[in-house]
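Topology and contacts: notes
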Amino acid sequence: SPVEHEVSEREGESVSLTCEYETNTNDVHLYWYRHHSDLQAPQFILWKGAREASSGEYIPDKRYESKTSVNSTELTIKTLTLADTGLYYCALETQ
């Protein structure tokens, strides 16, 4: 089951969320989603490659940044607003 951590920060500040992963493959894509409420599906935020795929990324909203390493991914949300409240998920896709 997913590991949950609670993080809080003031409006206007930035916050970073970290997710660790394990896989034997080197072509790794890491995705971040935000689940705002049970009334809607989780919303895609970004994907970013890791290991041999680390040059790839798709981050449509530049308020978000991501860093990846061989066993973790980090999501940074800049200029926080109350609307950023929610449950954030990371997901691992291997090729």
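Residues numbered from 1 in each chain as written. Predicted model: local features only at pLDDT ≥ 70, side-chain atom pairs only at ≥ 80, totals over all residues. Heavy atoms only, no water.

The name recorded for the chain in an unreviewed UniProt entry is Ig-like domain-containing protein, from Sander lucioperca.

**Details of the UniProt feature "domain: Ig-like" (unreviewed entry) in the chain**
Following the UniProt record, one finds the feature "domain: Ig-like" (unreviewed entry) at residues 2–95. The straight-line gap between the two end C-alpha atoms of residues 2–95 is 22 Å; of that span, 0% is helix and 48% is strand. (UniProt positions renumbered as here; feature names shortened; annotations may be inferred. Helix = DSSP H or I, 4+ residues; strand = E, 2+ residues; numbered from the N terminus.)

**Examining the state of the cysteines**
Disulfides are covalent bonds that connect the sulfur atoms of two cysteines. All chains considered together, the criterion is met by 1 disulfide. Between the sulfur atoms of C19 and its disulfide partner C90 the distance amounts to 1.7 Å. Here C19, found in strand β1 (residues 15–20), pairs with C90, found in strand β7 (residues 87–94); they are 71 residues apart in sequence, far enough to count as distant. When its relative accessible area of 27% is taken as the criterion, C90 is described as partly exposed. (Disulfide = S-S within 2.5 Å. Buried < 20%, exposed > 50% of the residue type's maximum accessible area, 1.4 Å probe, protein only.)

**Looking at the sheet that holds strand β2 (residues 27–35)**
Reading across the sheet, the 4 strands line up as β4-β3-β2-β7 and stay open at both edges, with antiparallel pairing between neighbours. Strand pairing shows two members of the sheet lacking a second neighbour, β4 (57–58) and β7, which therefore form its edges. Looking at chain direction, β2 and β7 are connected through 8 bridges and run antiparallel. By the bridge assignment for β7, H35 is matched with L87. (Pairing = 2+ DSSP bridges.)

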